[in-house]
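Structural description and commentary
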Amino acid sequence: MGPVNSIIKPYHAVQFYASNERLFSTVAGFLAEGLIDGQPSLVISTPSHRAGILAQLSARLIDVERARREGDLLLLDSHEMLDLFMWEGRPDPNAFNANIGRFIEQTLQGRPGSTLRAYGDMVNVLWTQGQRAAAVKLEVLWNTPGLRFG
């Protein structure tokens, strides 16, 4: 059986935050609500952000290790993901779709019609590295209506 095409209908929010603790709490609340409702989650973050988010999920009585084992929570590294689709300092749309898409498909496997909750800080990583144009381009790619993966 070949890959299943998915159409992504993004609902996207940007949050500005004064402290990492506030970010971790907000993201964990968003993910926990989905995990409780049976919606899988994808987190693409730096190690320090991932640790803070996971601590907040645990504080909300989410069994993080179980969620990971059962495929309900997929954790990826921002820098490793950026390496998969950045080309000459810019995100390549085809490589973005292929690489991000395979992890979205992996997370949604066996869950037709399910909502995926995702958090990523790759745009922030690019922005803080001074790669402003690349950050904006990546933000546009995440928000492409009807984006197809697979």
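Coordinates for the structure precede this section.
None of the values given here were measured: they were computed from a predicted structure.

Let's talk about the overall build of the protein chain
Of regular secondary structure, the protein chain possesses 7 helices and 7 strands. Ordered by position in the sequence, the α and β elements of the protein chain form the string β-α-β-α-α-β-α-β-β-α-β-α-α-β. Considering only intrachain contacts with a sequence separation of at least 6, the fraction spanning at least 24 residues in the protein chain is 78%. Carbon and sulfur atoms form 53% of the exposed surface of the protein chain, whose accessible area is close to 8,800 Å².

Some remarks on the pattern of salt bridges
Under the defined criterion, the tally for this structure stands at 5 salt bridges. The residue arginine 68 makes a salt bridge to glutamate 65 at a minimum N-O spacing of 3.9 Å. Taken together, the residues arginine 68 and glutamate 65, both in helix 3 (residues 64-69) and 3 residues apart, mark about one turn of the helix. The partner of arginine 66 in a salt bridge is glutamate 70, with the nearest N and O atoms 3.0 Å apart. For arginine 66, a relative accessible area of 44% gives the class partly exposed.

Some remarks on unusual backbone geometry
Working note: non-glycine residues mostly have negative phi, and peptide bonds are mostly trans. Its identity as a non-glycine residue notwithstanding, leucine 61 has a phi of 65°, on the positive side. Structurally, leucine 61 can be placed in the loop between helix 2 (47-59) and helix 3. For leucine 61, a relative accessible area of 77% corresponds to the exposed category. The backbone of glutamate 88 shows a phi angle near 55°, a positive value even though the residue is not glycine. You can see glutamate 88 is positioned in the loop between strand 4 (86-87) and strand 5 (90-91).

Here we look at the nonpolar core
Leu82, Phe85, Ile100 and Met122 are the most contacted members of the largest nonpolar core, which totals 20 residues. Secondary structure elements with two or more residues in this core: strand 2 (41-45), strand 3 (73-77), helix 4 (78-85), helix 5 (93-108), helix 6 (122-128) and helix 7 (132-142). With 5 residues, helix 5 is the single largest residue contributor to this core. Of all hydrophobic cores here, the second largest spans 17 residues; its members include Leu31, Leu54, Leu57 and Ala67.

Some thoughts on the sheet that holds strand 3
Across the sheet, which stays open at both edges, the 3 strands sit in the order 3-2-6 with parallel pairing between neighbours. Among the strands making up the open sheet, the edge pair consists of strand 3 and strand 6 (117-120). Taken over all neighbouring pairs, the strand axes of this sheet differ in orientation by 10° on average, direction set aside.

Quick notes on helix 1 (residues 20-36)
With 17 residues, helix 1 extends 24 Å from end C-alpha to end C-alpha; this agrees with the ideal 24 Å at 1.5 Å per step. Listing the buried residues of helix 1 in full gives Leu23, Phe24, Val27, Ala28, Leu31, Ala32, Gly34 and Leu35. Take helix 1 and look down its axis: the buried residues cluster within an arc of 160°, on one side only. On its buried face, helix 1 is in contact with strand 2, helix 2 and strand 6. Where helix 1 ends, the next residue or the one after it, glycine 38, has phi of about 85°, a positive value.

With respect to the packing of helix 1 against helix 2
With their axes 8 Å apart at the nearest point, helix 1 and helix 2 run at an angle of 55° to one another. Judged on the interaxial angle alone, helix 2 and helix 1 are oblique. For the element pair helix 1 and helix 2, the recorded crossing hand is right-handed. Contacts between helix 1 and helix 2 pair Asn20, Leu23, Phe24, Ser25, Val27, Ala28, Leu31, Ala32 and Leu35 from the former with Ser48, His49, Gly52, Ile53, Gln56 and Leu57 from the latter.

Rules used in this analysis
- Each chain carries its own residue numbering, running from 1 in the written order of its sequence.
- Totals for whole chains, interfaces and linings use every residue, but because this is a predicted model, local features are given only for residues with pLDDT of at least 70 and side-chain atom pairs only at 80 or more, for both listing and counting.
- With hydrogens and water set aside, each side-chain value is computed from the structure's full complement of heavy atoms.
- Segments assigned H or I by DSSP are reported as helices when at least four residues long, segments assigned E as strands when at least two residues long, and all are numbered from the N terminus.
- Between two residues, a contact is recorded if the distance between any of their heavy atoms is within 4.5 Å.
- Every accessible area reported is derived by Shrake-Rupley at a probe size of 1.4 Å, with residue values counting cover from the shown protein chains alone.
- By salt bridge we mean one thing: a side-chain nitrogen of Lys or Arg within 4 Å of a carboxyl oxygen of Asp or Glu.
- Each residue's exposure class comes from its accessible area (1.4 Å probe, protein chains only) as a fraction of the maximum for that residue type: buried when under 20%, exposed when over 50%, partly exposed otherwise.
- In plain words, nonpolar cores are sets of buried Ala, Val, Leu, Ile, Met, Phe, Trp, Tyr and Cys residues tied together by side-chain atoms within 4.5 Å.
- DSSP-based pairing: two strands are paired if at least 2 bridges between them are found.
- Where helices are involved, their axes are fitted lines through C-alpha atoms of the stretch in contact, as for all axes, and angles between N-to-C directions lie from 0 to 180°.
- A helix is expected to reach a length of 1.5 Å times the quantity of its residues less one.
- Directions pointing from the helix axis toward each C-beta atom define the arc.
- Here is the rule for angles: anything less than 35 degrees is roughly parallel, anything more than 145 is roughly antiparallel, 65 through 115 is roughly perpendicular, and the remaining ranges are oblique.
- Crossing chirality is assigned from the near helix's rotation relative to the far helix, an anticlockwise turn below a right angle marking it left-handed and a clockwise turn marking it right-handed.

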